[in-house]
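Chain by chain, the residues run as shown.
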Amino acid sequence: MKKFRTLFLIGLLFVLATGCTLQKDTLKFIQGSASPFHTQSFSYEVKLGHQVNGAAVDAELWQNGVCTKSAPILLPKETKKLACSLLIDRSEADGAAKGVSVQLDTDEVSGSVLTFFALPQKALGYSFTAYEDRKIIDVHAGEEVLLCAMAFDTGTGVRSVSCERLSEDSEQLQEYACLLVIRASFTAEPLHAQEEAEAMGK
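Residues numbered from 1 in each chain as written. Predicted model: local features only at pLDDT ≥ 70, side-chain atom pairs only at ≥ 80, totals over all residues. Heavy atoms only, no water.

A word on the packing of aromatic side chains
Turning to step 1, where the next piece is worked out: Taken as a whole and assessed by the stated rule, the structure comprises 6 aromatic pairs.
Turning to step 2, where the next piece is worked out: Aromatic pair Phe-42 and Tyr-44: ring centres 6.1 Å apart, planes at 85°, arrangement edge-to-face.
Turning to step 3, where the next piece is worked out: The class for Phe-42 is buried, based on a relative accessible area of 5%.
Turning to step 4, where the next piece is worked out: Classification of Tyr-44 by relative accessible area gives buried; the value is 1%.
Turning to step 5, where the next piece is worked out: Judged by centre distance (6.3 Å) and plane angle (45°), the rings of Tyr-126 and Phe-152 are tilted. Of this pair, Tyr-126 sits in strand E8 (residues 125-129) while Phe-152 sits in strand E10 (residues 144-153), and the two are 26 residues apart along the sequence.
Turning to step 6, where the next piece is worked out: The exposure class assigned to Tyr-126 is partly exposed, which follows from its relative accessible area of 26%.
Turning to step 7, where the next piece is worked out: Accessibility expressed as a relative area gives 4% for Phe-152, which makes it buried.
Turning to step 8, where the next piece is worked out: Looking at Lys-69, its charged tip hangs above the ring of Phe-117, at a distance of 5.5 Å from the centre. (Phe/Tyr/Trp six-rings, centres within 6.5 Å; stacked < 30°, edge-to-face > 60°. Buried < 20%, exposed > 50% of the residue type's maximum accessible area, 1.4 Å probe, protein only. Helix = DSSP H or I, 4+ residues; strand = E, 2+ residues; numbered from the N terminus. Lys NZ or Arg CZ within 6 Å of the ring centre and 35° of its normal.)

Purely geometric stuff here, so don't read any function into it on its own.
Here's what the structure looks like:
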């Protein structure tokens, strides 16, 4: 009887430990489409609330090592989806990119934000990167994850860009002449309605 009880307790502890390891905070990338009108669209399925209780998502324009403009949206742990759309505004005269409209949409919990980022000069081309379709990304409190990146050719060519590499070393953002990124910072602290309103400028 004692041996049976011991085996039962060991089995119970194994089940509990296994169950805990399965409860992860994750983002799941869902590939969208690149339209002929130069729009990049994609989304993330969001699962938070285990160790991570909120995230701040920022669209940022980096020019020669400096973040010149940003637009934030906060995601409380109840958020289930984040949709992203990047529309390039092109010159009618020569087709060069003049700026990018970035729209971030969530479910009713967080709302949406739309911001236009004017480029410092006309871009001859660009390179866009995100993740493989349906890739699951484990996220942790205190960490940052790059959700997408768009590097522009302002006359010196386009450097290769990688979300994984920039997530691991954010200082590399300073090495690009013109780079638009969307990145998320995760926290164990719960986000409240007042913080959301302040971030959105309400």
